[in-house]
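A structural walkthrough
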Amino acid sequence: MIDETELWIVADRLRDAERDRVPIPPLVLEHPGLTADDAYAIQLINIRRRSAGIVGHKVGLSSKAMQEMMGVDEPDYGHLLADMRLSEDEPVDAARFCRPRVEIEVAFLLGDDLPGEECTEEDVLAATAAFAPSIELIDSRIADWRISLADTIADNASSAGFVVGASRVPPKEVDPRGIAAVLWRGDEKVAAGRSDAVLGNPVTAVAWLARKVAKFGVRLEAGHLILPGACARAVDARPGDEFRAEFSGLGDVRLTFADAKEGGRE
């Protein structure tokens, strides 16, 4: 563990890295005693001092492969803020980020609050108003994505942005475990997977999230958007890229990045 002063020092470094688009070395190099609980405390410091409201949460490390790579046995989570919401109709400037990547996810739109530490998968399905197609934009304020578990948690689980497609499908109309997803960059298929890549069932990830955040005094509320984890590998995003994600039974969603000139870079 690290002390309160160090928590704020690390939080300041991450805030400055995001503001200045200048990645920093892994936090654990300078703070080898940094624990997951410390990292969640750092995450909350930076969330609480941002002006944008919380509109939801995301689950990270939701595949067994990622957990094994990180040496952990459970996912992590981050907050989604109103100023992270992106539009299908407006190109994103890649220069706003350090090293952006995109992931395809089945979004959960909550119609009711979820219980906390006793939350079950049945509770999640009962509270979910609809599933929707989504693309999450992830970014790391840690240089070259050289992240440990503590690094990514402190960095708000590498959250940066998200876009949600127009389709809304009630849970009873689709099996959340069997949604096939494909990500296209222009005419090239760059990633593909299924929703059961997320802990075998993305509903399981949302129930885990509700229980986990309750330990930190956080609740998943009606109106919140929940991103339960990626159906496929993350793909680097470059100026000029045009992404389209297609989900069986859910429709599609698009995310475009402005070319270098449009984004202000020659």
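So, a few notes on the structure that sits alongside this text. In this text the structure is predicted, and so the values were computed from the model without any measurement. (Residues numbered from 1 in each chain as written. Predicted model: local features only at pLDDT ≥ 70, side-chain atom pairs only at ≥ 80, totals over all residues. Heavy atoms only, no water.)

1. Considering helix H1 (residues 4-20)
Since one α-helical turn is 3.6 residues long, residues separated by three or four positions face the same way. If you check H1, its first and last C-alpha atoms are 24 Å apart, about what 17 residues at 1.5 Å a residue would give, namely 24 Å. Residues of H1 that are buried make contact with helix H2 (27-30), helix H3 (36-48) and helix H6 (149-154). Two or three places before Thr5, at the opening of H1, Asp3 has a side-chain oxygen 3.2 Å from that residue's backbone nitrogen. Of the residues trailing H1, Arg21 is marked for its positive phi of about 55°. (Helix = DSSP H or I, 4+ residues; strand = E, 2+ residues; numbered from the N terminus. Expected span 1.5 Å × (residues − 1). Contact = heavy atoms within 4.5 Å. Polar contact = N/O pair within 3.5 Å; in protein donor to acceptor, adjacent residues only side chain to side chain.)

2. Examining unusual backbone geometry
Not every positive phi belongs to a glycine, and Ser158 is a case in point at roughly 60°. Looking at the element boundaries, Ser158 is found in the loop between H6 and strand S5 (159-164). Look at Ser158 and you get buried, because its relative accessible area is 4%. With a phi close to 55°, Leu199 is a non-glycine residue in the positive phi region. Within the element layout of this structure, Leu199 appears in the loop between strand S7 (188-194) and helix H7 (202-214). Classification of Leu199 by relative accessible area gives partly exposed; the value is 24%. (Buried < 20%, exposed > 50% of the residue type's maximum accessible area, 1.4 Å probe, protein only.)

3. A closer look at the packing of aromatic side chains
Geometry of an aromatic ring pair is reported as the spacing of the ring centres plus the angle between the planes. Under the criterion given, the structure shown has five aromatic pairs. Measuring from ring centre to ring centre gives 4.8 Å for Phe108 and Phe131, while their planes differ by 70°; the resulting arrangement is edge-to-face. Within this pair, whereas Phe108 is found in strand S3 (residues 101-110), its partner Phe131 is found in strand S4 (residues 128-138), the two being separated by 23 residues in sequence. We note that Phe108, like Phe131, is buried. Here the aromatic residues Tyr40, Tyr77 and Phe216 are joined through ring pairs into a cluster of three or more. (Phe/Tyr/Trp six-rings, centres within 6.5 Å; stacked < 30°, edge-to-face > 60°.)

4. Details of the pairing of strand S11 (residues 251-256)
For strand S10 (residues 242-247) and S11, the ladder comprises six bridges, and the chain directions are antiparallel. Looking across to S11, one finds that Phe243 is bridged to Leu255. Once S10 ends, the chain turns through three residues before running back antiparallel as S11, passing Gly249 with a positive phi of about 80°. (Pairing = 2+ DSSP bridges.)

5. A few points about the sheet that holds S10
To summarise the sheet geometry, strands pair through backbone hydrogen bonds and adopt either a parallel or an antiparallel arrangement. Taken together, four strands build an open sheet; the order of strands is S7-S6-S10-S11 and the sheet is antiparallel. Two strands lie at the open edges of the sheet, namely S7 and S11, each paired on one side alone. Between one strand and the next, the sheet's axes are offset by a mean angle of 15°, whatever the strand orientation. (Axes fitted to C-alpha atoms, helices over the stretch in contact; angles between N-to-C directions.)

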